[in-house]
Amino acid sequence: MALLTGKEYIESLKAFSPEVYIRGERAERVWDHPLLRQTVNHLAAGYDAASAPETRADYSVRSPLIDEDVSRIGHHIQTSFEDVTIKARLTREVSGRRVCAGCMSNMLSVTWAMIHDVDQARGTDYFPRYQAFIKTLQRNGYGIAWGMMDPKGDRTLPPSKQSGSADLRIVERRPDGIVVRGTKLHTTYAPGAHQIVAVPCRALGEADRDFAVSFALPIDAPGVKLIARPSPGPVHAGAMESPLSSKYLGVECLTVFDDVFVPEERVFMCGEWDQCYKLPLYFACLHRQSKCACSAGHTDLLIGTAALLAEVNGLDAKTSHIREKITDMMMAASTAYGCALGAAVEGTTHPSGVFLPDAVVANSGLSYIRSKLAEHLAHIHDVAGGLLVTMPTEADWNNPELRPYIESALAAGGKYSTEDRLRVMHLAQDLAASRLTGTLLGFTINAAGSPVTNRIVVRNLYDLEGRVRIAREIAGLA
Ligand SMILES: Cc1cc2nc3c(=O)[nH]c(=O)nc-3n(C[C@H](O)[C@H](O)[C@H](O)COP(=O)(O)OP(=O)(O)OC[C@H]3O[C@@H](n4cnc5c(N)ncnc54)[C@H](O)[C@@H]3O)c2cc1C
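Each residue is numbered by its place in its chain's sequence as written, counting from 1. Given that the model is predicted, a residue must reach a pLDDT of at least 70 before its local features are reported, and side-chain atom pairs must reach 80 or more before they are shown or counted; all residues, however, enter totals for whole chains, interfaces and linings. Water and hydrogen atoms were dropped before computing side-chain values, which therefore reflect all heavy atoms in the structure.

## Here we look at the overall build of the protein chain
Next, step 1: Under the scheme used here, helices are H or I runs from DSSP no shorter than 4 residues and strands are E runs no shorter than 2 residues, and both carry numbers assigned from the N terminus. Counting its regular elements, the protein chain contains 16 helices and 14 strands.
Next, step 2: Expected size for 478 residues packed as a compact globule is a radius of gyration near 23 Å; at 24 Å, the protein chain falls within 12% of this value.
Next, step 3: Over its C-alpha atoms, taken along the principal directions, the protein chain stretches across nearly 75 × 75 × 50 Å.
Next, step 4: Remark: exposure states derive from per-residue accessible area (1.4 Å probe, protein chains only) relative to the maximum for the residue type, with buried under 20%, exposed over 50%, and partly exposed in between. Here the protein chain holds 478 residues, and the buried ones make up 54% of them.
Next, step 5: In what follows, residue pairs with any heavy atoms lying within 4.5 Å of each other are defined as contacts. The long-range share in the protein chain, meaning contacts at least 24 apart out of those at least 6 apart in sequence, stands at 75%. For a compact globule the rule gives 2.2 Å times the number of residues to the power 0.38, and the radius of gyration it is set against comes from C-alpha atoms.

## A closer look at the site of the ligand
Next, step 1: A single heavy atom is enough: if one lies within 4 Å of a molecule or strand, its residue is considered near that molecule or strand. Around the ligand, the structure places 16 residues, and the nearest of them are W146, M149, R155, H186 and T188.
Next, step 2: Within 3.5 Å is the distance limit for a polar contact, defined as a pair of N or O atoms, with the added protein rule that one can donate a hydrogen and the other accept it, and that residues adjacent in sequence qualify only through two side-chain atoms. The backbone of M149 places a nitrogen or oxygen atom 2.8 Å from an oxygen atom of the ligand.
Next, step 3: Separating an oxygen atom of the ligand from a side-chain N or O atom of R155 is a distance of 2.7 Å.
Next, step 4: For the ligand, whose free accessible area comes to 960 Å², the fraction covered by protein is 64%.
Next, step 5: Two domains each provide a minimum of three residues to the shell around the ligand, namely domain 1 (6-275) and domain 2 (278-468). The protein chains shown are the only cover counted for residues, whose accessible areas, like all others here, come from Shrake-Rupley with a 1.4 Å probe. Here the limits of each domain have been adopted from an automatic or database domain assignment.

## Let's talk about the sheet that holds strand β6 (residues 169-174)
Next, step 1: Paired strands, in this sense, are two strands between which DSSP finds at least two bridges. One open sheet holds the six strands; their spatial order is β2-β1-β10-β11-β7-β6, and the pairing between them is mixed. Looking at the sheet topology across the chains shown, the edges are occupied by β2 (25-27) and β6. Strand after strand, the sheet turns through a mean of 20° between neighbouring axes, direction not considered. Only C-alpha atoms enter the line fits that serve as axes; for helices the fit covers just the stretch in contact. Angles between N-to-C directions range over 0 to 180 degrees.

## Let's talk about the pattern of salt bridges
Next, step 1: Here a salt bridge means any side-chain nitrogen of Lys or Arg lying within 4 Å of a carboxyl oxygen belonging to Asp or Glu. Taken as a whole and judged by the stated rule, the model has 25 salt bridges.
Next, step 2: Between D58 and R89 there is a salt bridge whose closest N-O contact spans 3.7 Å. One end of the pair, D58, is in helix α3 (residues 56-59); the other, R89, is in helix α4 (residues 81-98), with 31 residues separating them in the sequence.
Next, step 3: For D58, a relative accessible area of 35% gives the class partly exposed.
Next, step 4: Judged by its relative accessible area of 37%, R89 is partly exposed.
Next, step 5: R202 serves as the salt-bridge partner of D167, at 3.4 Å between the closest nitrogen and oxygen. Remark: R202 occurs in the loop between β8 (195-198) and β9 (213-218) and D167 occurs in the loop between β5 (144-147) and β6; sequence separation between them is 35 residues.

Spelled out as structure tokens, the structure:
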């Protein structure tokens, strides 16, 4: 069934038994493991959005591949202006509620374009295999983990020049498939996924041909080991403290491929080293367009929290210096979202059918909003006051002997109770002074590629020559 409910998704995990390790121990039952609860919950919320009657019209779309409705954010191959603009709106909406929209449809789409190119350039027959895989994903509503980023070792050297590279590579070619060995880092959500897709992460040279590999496997394929880092929230479902991170967010994984067999029908690239640069290129268009919308959503979340903080402190969002800070944040969110939409307006259709937003606009927007997060977090501290990091804990509030002291000390008058004020302070703390804050920073700065790559893309693709020509004409140069 293409559109699973959150409950059906959780049920579907029982058919898989991935080799997951968390805090040094083997995790057997992913679907009810306490350290994986937030991740499963997070992914289930995405399934619910696409399948629930009230949101389905927005979050699902008819897939021409299987003629069934599929999740826009999770499974759809984006082929139109409409696809990428609707996805941007939804991404902003979801990220403004639970930080990550889990936009795997971006990865599936950019890989669609790259594999199409490989067949065109090399006369191979990978693209029909990839299409068949996408249809299987869509029909079953399978969640995916995205294995793109290799460890890379010494950043100045290609994998073939390093002694003992840990990057993922082909170690054996058999008539019926290949054997792969190595590692992918940062594979978000992997224990809660049904399938893992591996793709190359950078341009490669001829000597690196064994590292030019792409494939898909069930998440529990023999030899795939997931060393998971728990999501940032506390283990217990805090009703008051950590209201966001105790419910949602993903685990991150170091994913090991310990001599894993990949059957031929799931191999999408096998040695075509000269085509690898395409993936980061297409990624720079589509995924960074999404990240503009995603970061606009994070800013929206901070804006709502800042305004509410002002209110529970007995002020309001009209207090002049608070109004200025909130206005700055509104303008930043709107600029980033505007770049997501603007990149779509300037987009083009790749020969494979995938719609690629303009890379210069997308990377400029992302670079800008990335540079604002630290300032916005500082605004939250400013508007909240010191209590943000000094207030008593939820356990103190729940102790009947202590509560009266806290009740009177932290009252701020107005229409909000002390408990309301504490609840809002805890939300602000979750966002701006917690492990979630660190994750949000890492997610903003590094996920979708290092900040310098935004500048490199803009420098390489902006039409500087054309602008110089015009300047020469105006200046009257020959
Ligand atoms: C929360 C989060 C989720 C993620 N999810 C996924 C996922 O699901 N799947 C996935 O595949 N990846 C994922 N990533 C990985 C992400 O794409 C990378 O972290 C990002 O591309 C940066 O790569 P890196 O971490 O290896 O950093 P590095 O490349 O090591 O960068 C560190 C610094 O070194 C600089 N540098 C690196 N190489 C060079 C060089 N040759 N010359 C000069 N300077 C250099 C960089 O510019 C940067 O300043 C995720 C990352 C985060 C933080």
